[in-house]
Each structure stands twice: as C-alpha cells, then as structure tokens.
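Below are the chains, spelled out letter by letter.
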Amino acid sequence: MNPIIAGNWKMNKDPSESRVLIQRLLELAGDVRDRDVIICPPFTSLAAVSELIKNSRFKLGAQNMHWERNGAFTGEISGLFLKSLGCEYVIIGHSERRHIMGETDEMINKKLKTALEIGLISIFCIGETEKEREEGRTEEVILNQLKKGLRDIESEVHKIIFAYEPVWAIGTGKTATPRQASEVHKFIRKQFSKKITILYGGSVNAGNIDSLMAEKEIEGVLVGGASLKPEEFTRIIKFQQM
Ligand code: 13P
C-alpha cells in the first residue's frame, strides 16, 4: 500500500484560488508515483479541482457530508452529490466539526454508515484535547470515539481510513512526537482484529514529515495549513525515507 498524503484545505481558497493552487501542485508533484495524494478542498471548489485533477493521480475528497442522501436539510450536502463531482473520499468527524460545530459521535456514526453504503471512503478523525491528555484520559477518549463512531459497522473497519488528530496539535505548531503518535496508533490498531489504515494529523510540515513517516505505525498524514503552500506540501508528498 502506498503512503497516503491528504491535504485538508479547511475553509480556505475560493474556486479561482483553488484552481491556482491545484495547478501549481500538479506542476510540482503531479508526477508522484509511490504516494496516494488526496486533496480535500471546500465544497464550492470541488468541481473546479475535480476538473483539473481528472487526468492526474491526485484523488478528490470532501471535508464533510450529511448522513441522509437528500431531503429537507437546508445548507447540508449529500454524499451522493460529492460522488457525482468525483469525490472518492470524505473526512468525517474532524475535530473542528466536533468542537466548533457541535457534531456528536452519533452524527458521525450515521455519516460513516452512509459513506460505506454509497461507496465513499471515510477519513474518520479521532483525537483527544490537551486537557484530556493532561488528565491521562487519551486512551479512554479515543476508545469512546471509536466505540460510538463505529457502532454497527465494526466489521467494516478495513474500508475506513482512520486519522489520529490530537486536538492540541491542530493548527498550533505543536506536533505530536513521532513516538506519541505511534503509541496512540498502536492503541487504535489493537482494538481491531482486521488490519486498518491510520494517518496522523496535527501540525504536519516539511520539517517533521520525514521523522513522522519513519514510524511504521504511521501510514500517512492529514495535513491542514501546510497543504495550502504548494512548495511545502510537495516536500511533504515527496517525504524521504529515513
Ligand atoms: P494543521 O496541519 O493545520 O495542524 O491541521 C491539521 C488538520 O486538522 C488536518 O485535518
């Protein structure tokens, strides 16, 4: 399996800015062979990015979706619409959605189920806050997120990509050490009999990517801020084996 390098653009880049960014990225890294690159722009840029990457090896992902396929859900987006725009992936349960938008484990569970049903690959985010880590509750929090998020779909975990994103490391410049990340990845992996894929996310940058990817537990990364800088993201995509 190739390492997975996913870029979460969050609420950045309008359609024309997205075109500029993806074009530059294609020039710099479009030739990469041994990495799976997933680009997750905002909803409003999906069509533009989809069009530009269609003949490349880059894949498209969305940052969220609703659990219903359609209906009276003003302002929400169906996973089927995402598929029709060329998305193969969708980020589910990102900490910004949990903590800022009030998304619950139950909502996340419904979204994961729908994504499985309609054939979108979820990038399922889990992770503890700084306070929870300080209180020594990291494993308990992760276990709870896994248990509730995966209710009734435990047998399908091999079809989901997990992303361990400690909340204290997101956008803070405080990266988990490769060892801290590795320990949690091991803990997550231990919960399942099937082999699962686990990415790390949280302040990944050009300076720490090589040491993170040197950990065998880390099978890829979910990158926020640094994925908006084409040169830096290219360095991340083309990380060097240590
Ligand atoms: P940063 O890389 O900006 O810390 O964001 C990580 C993240 O939330 C990716 O989903």
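Placed above this text is the structure.
Before going into details, it helps to say that this report is about the structure given with it. (Residues numbered from 1 in each chain as written. Predicted model: local features only at pLDDT ≥ 70, side-chain atom pairs only at ≥ 80, totals over all residues. Heavy atoms only, no water.)

**Thoughts on the pairing of strand S1 (residues 4-8)**
The condition that has to hold: Partly exposed residues are those whose accessible area sits between 20% and 50% of the maximum for their type, while under 20% is buried and over 50% is exposed, using a 1.4 Å probe and protein chains only. For helices the rule is a DSSP run of H or I covering at least 4 residues; for strands it is a run of E covering at least 2, with both sets numbered from the N terminus onward. DSSP bridges decide pairing: two strands pair if at least two such bridges lie between them.
Among the 5 residues in S1, 5 count as buried, and that is most of the element. Direction of pairing for S1 relative to strand S2 (residues 36-40): parallel, over a ladder of 5 bridges. Paired with isoleucine 4 across the two strands is aspartate 36, which belongs to S2.

**Concerning the sheet that holds strand S3 (residues 59-62)**
Whenever strands of a sheet pair, they do so through backbone hydrogen bonds, lying parallel or antiparallel. Cut-off, in case you're wondering: Throughout, an axis means a line fitted to C-alpha atoms (over the contacting stretch in the case of helices), and angles, computed between N-to-C directions, take values from 0 to 180 degrees.
Taken in spatial order, the 8 strands of this closed barrel run S1-S2-S3-S4-S5-S6-S7-S8, and their pairing is parallel. In this sheet, adjacent strand axes meet at a mean angle of 25° when their direction is disregarded. Of the pairings in the sheet, the one linking strand S5 (residues 121-126) to strand S6 (residues 161-164) comprises 4 bridges and is parallel in character. Bridge assignment links isoleucine 126 to a residue of S6, and that residue is tyrosine 164.

**Examining the site of the ligand**
Using the following cut-off: Whether a residue is near a molecule or strand depends on its heavy atoms: if one lies within 4 Å, it is near. N or O atoms closer than or at 3.5 Å make up a polar contact, with two conditions inside protein: a donor-capable atom paired with an acceptor-capable one, and, for residues adjacent in sequence, both atoms drawn from side chains. For accessible areas, the Shrake-Rupley method is used with a probe of radius 1.4 Å. Any residue's cover is judged against the shown protein chains and nothing else. Think of a 1 Å grid over the protein atoms and nothing else: a 1.4 Å probe that fits but is trapped marks a cavity, an open set flanked by protein within 12 Å on at least five of seven lines marks a pocket, and residues with an atom within 4 Å of a point count as lining. Each molecule is assigned to a cavity or pocket provided more than half of its atoms lie within 2 Å of the corresponding grid points. Residue type decides the class: Asp, Glu, Lys and Arg count as charged, Ala, Val, Leu, Ile, Met, Phe, Trp, Tyr, Cys and Pro as nonpolar, and the leftover types, Gly among them, as polar.
The full set of residues close to the ligand is Asn8, Lys10, His94, Glu165, Ala169, Ile170, Gly171, Gly202, Ser203, Leu222, Gly224 and Gly225. Glutamate 165 has a polar side-chain atom sitting 3.0 Å from an oxygen atom of the ligand. Glycine 225 has a polar backbone atom sitting 2.8 Å from an oxygen atom of the ligand. Considered on its own, the ligand offers 300 Å² of accessible surface; in the complex 95% of this is hidden by protein. Assessed atom by atom at 2 Å from the grid points, the ligand resides in the second largest pocket. Grouping the amino acids of the shell around the ligand by side-chain chemistry returns 3 nonpolar, 7 polar and 2 charged.

**Description of the packing of helix H1 (residues 15-29) against helix H10 (residues 230-237)**
Which entries qualify depends on this criterion: Relative orientations are named as follows: roughly parallel for angles under 35 degrees, roughly antiparallel for angles over 145 degrees, roughly perpendicular for angles from 65 to 115 degrees, and oblique for any other angle. Should the near helix be turned counterclockwise from the far one by less than a right angle, the crossing is left-handed, whereas a clockwise turn marks it as right-handed. The contact rule is simple, with two residues in contact once any of their heavy atoms fall within 4.5 Å.
Running from N to C, H1 and H10 point in directions that differ by 40°, and their axes come no closer than 9 Å. Relative to H10, H1 is oriented oblique. Note that H1 runs across H10; the crossing there is right-handed. Contact residues: Leu21, Arg24, Leu25, Leu28 and Ala29 in H1; Pro230, Glu231, Phe233, Thr234 and Ile237 in H10. Its residues assigned to classes, the contact of H1 with H10 shows 7 nonpolar, 1 polar and 2 charged.

**Digging into the layout of surface pockets**
One way to see where empty space is left: roll a probe the size of a water molecule over the atoms. The following threshold applies: Grid points are joined across faces, edges and corners, and a volume is the space filled by probe spheres set on the points.
Space inside the largest pocket adds up to approximately 480 Å³. In this structure, the largest pocket is lined by 16 residues; those nearest its centre are Lys10, Met11, Gln63, Arg97 and Met101. Of the residues in the lining of the largest pocket, the class split is 6 nonpolar, 6 polar and 4 charged. Taken together, 18 residues form the lining of the second largest pocket, with Gly171, Ser203, Val204, Gly224 and Gly225 sitting closest to its centre.

Treat this as a map of the structure, not an account of what it does.
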